[in-house]
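Notes for the structure review
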Amino acid sequence: MQQVGISNFKALSRAAGVSERQLLRLRQGKLEQMRVDVLLKLSPVLQMPLSELITTFSRVELFQEKTAPTQELLQEITDLRREYDRSQLQLEQQREIVLQELQQSSLQLLESLLLQWPTAAQKAQENPQLTAVKIVPLVQKPLEKLLQAWGVEAIAPVGAELPYDPQLHQLMEGTAQPGETVKVRYIGYFQGEKLLYRAKVSPV
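Not measured: the values here are computed from a predicted model.

Turning to the nonpolar core, a few remarks are in order. Leu 42, Leu 50 and Leu 53 are the most contacted members of the largest nonpolar core, which has 21 residues in total. Of all the elements in the fold, those that place two or more residues in this core are α1 (9–16), α2 (20–27), α3 (36–45), α4 (50–57) and α5 (71–109). Ranked by residue count, the leading element in this core is α3, at four residues. With near-sequence residues (within four places) excluded, Leu 53 lies in contact with Leu 31, Leu 39, Leu 42, Ser 43, Leu 46 and Met 48.

Right, let's get into the UniProt feature "domain: HTH cro/C1-type" (unreviewed entry) in the protein chain. Listed under "domain: HTH cro/C1-type" (unreviewed entry) in the UniProt record, and renumbered for this structure, are residues 1–55. Split by type, residues 1–55 is 58% helix and 0% strand. Its first and last C-alpha atoms lie 17 Å apart.

This brings us to the sheet that holds strand β1 (residues 152–154). Sheet strands associate in pairs through backbone hydrogen bonding, adopting either a parallel or an antiparallel arrangement. Strands sit in the order β1-β5-β6 across an open sheet of three strands; the sheet is antiparallel. On the outer flanks of this sheet lie β1 and β6 (194–197), each paired with one strand and no other. Neighbour-to-neighbour, the strand axes of this sheet turn through a mean angle of 35 degrees, independent of strand direction. With three bridges connecting them, strand β5 (residues 189–191) and β6 associate as antiparallel partners. Its bridge partner lying in β6, Phe 190 is registered against Leu 195.

By the secondary structure assignment, Val 136 is in helix α7 (residues 136–149). The exposure class assigned to Val 136 is buried, which follows from its relative accessible area of 4%. Each C-alpha atom of the pair Val 136 and Ala 124 lies 7.8 Å from the other, and the pair is 12 residues apart in sequence. In this view, Val 136 contacts Trp 117, Ala 121, Ala 124 and Gln 125; residues no more than four positions away in its chain are not counted.

Reading the values: rules and limits
Residues numbered from 1 in each chain as written. Predicted model: local features only at pLDDT ≥ 70, side-chain atom pairs only at ≥ 80, totals over all residues. Heavy atoms only, no water. Core = buried A, V, L, I, M, F, W, Y, C linked by side-chain atoms within 4.5 Å. Buried < 20%, exposed > 50% of the residue type's maximum accessible area, 1.4 Å probe, protein only. Helix = DSSP H or I, 4+ residues; strand = E, 2+ residues; numbered from the N terminus. Contact = heavy atoms within 4.5 Å. UniProt positions renumbered as here; feature names shortened; annotations may be inferred. Pairing = 2+ DSSP bridges. Axes fitted to C-alpha atoms, helices over the stretch in contact; angles between N-to-C directions.

See the structure below:
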């Protein structure tokens with residue numbers, strides 16, 4: 001612990017993410033009563049190979065010779081490490097899927113706000129006499145932070161004039177050929193490379 005800069009067992013517990021009860025078992029030499037995932041967490045924190053951790057703290061004779069571990073034990077350690085890494089990868093993938101599902105369901109609930117708010121906010125800012133203009137910053141900043149955290153970006157701001165692209169733009173009125181200038185009336189959004197909503201535009 002001193003070699004890796006850990007001052008006490010409470011700090012080791014926090015650093016490795018294991019309970020102090022598990023550490024007590026380790027100190028008492030009851031390593032065979034501990035879960036494998038706990039040992040796999042302690043190994044990198046203590047900067048100690050798993051095989052060395054086992055031989056140092058276990059009272060069970062794990063080696064045929066004191067100088068070298070058996071091939072069977074080494075294979076078991078390798079298999080445990082592989083299984084641990086696979087489990088961690090699965091957890092990370094599941095976490096990512098849950099996050100994506102949460103974002104998608106939240107974006108669906110916020111659809112009206114996302115599409116209508118920027119236009120309403122611009123109208124309010126164009127007329128400072130409206131009392132509603134005071135509300136704009138209260139909604140605008142948290143909404144921008146949320147979209148930024150989720151990687152959601154606007155196709156173009158309200159009022160922007162740009163070449164018509166039917167893949168990105170939805171005409172509200174009239175007709176336009178690809179490349180002709182249109183004006184953004186309601187914002188559309190990307191999330192990464194995925195198109196969430198097309199921007200609503202009208203011909204200039």
